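Listed here are the chains, written in short residue letters.
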Amino acid sequence: FEVQDLAVASPATVSRCGMVYQPGDTISWRPLVQTWISTRLTWFSEEITKHIMGFFEMITEKALIHLRKHGEQVIPTPEPN
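Analysis parameters
- Residues numbered from 1 in each chain as written.
- Predicted model: local features only at pLDDT ≥ 70, side-chain atom pairs only at ≥ 80, totals over all residues.
- Heavy atoms only, no water.
- Core = buried A, V, L, I, M, F, W, Y, C linked by side-chain atoms within 4.5 Å.
- Buried < 20%, exposed > 50% of the residue type's maximum accessible area, 1.4 Å probe, protein only.
- Helix = DSSP H or I, 4+ residues; strand = E, 2+ residues; numbered from the N terminus.
- Contact = heavy atoms within 4.5 Å.
- Phe/Tyr/Trp six-rings, centres within 6.5 Å; stacked < 30°, edge-to-face > 60°.

### Some thoughts on the nonpolar core
So, point 1. One finds Trp-29, Val-33, Ile-37, Leu-41, Ile-52, Met-53 and Leu-64 forming the largest nonpolar core, which totals seven residues.
So, point 2. Listed by contribution, the elements that provide at least two residues to this core are α2 (29-40) and α3 (46-70).
So, point 3. For Ile-52, the contacting residues outside a window of four places in its chain are Ile-37, Leu-41 and Phe-44.

### Focus: the packing of aromatic side chains
So, point 1. Scanning all chains against the criterion turns up two aromatic pairs.
So, point 2. Each ring, one from Trp-36 and one from Phe-56, has its centre 6.0 Å from the other, and the planes form 70 degrees; the classification is edge-to-face. Taken together, the positions of Trp-36 in helix α2 and Phe-56 in helix α3 put the pair 20 residues apart, joining distant regions of the chain.
So, point 3. On the basis of relative accessibility, which here comes to 39%, the residue Trp-36 falls in the partly exposed class.
So, point 4. Between Trp-43 and Phe-44 the ring centres are 5.3 Å apart and the planes differ by 45 degrees, which places this aromatic pair in the tilted class.
So, point 5. Here Trp-43 falls in the exposed class, since its relative accessible area comes to 61%.

None of the figures reported here should be taken as evidence of function without further support.
Listed below in structure tokens is the structure:
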């Protein structure tokens, strides 16, 4: 199977590969950005990282909605709940 086909892989197959499968519709972009900020932008102050997260909050959801409506996604993103 290919990585993009994990949704159809059996739990045993996923387990043998040493992976933990997390369905794409159960996680949003926020935890990914928060992890990126906390692990890659460590030299910035907490105030600056809060501003960076604020920019993502302000722009990302609107951009994804626009992309879903007017564009084409190579890897589909889940709709917000």
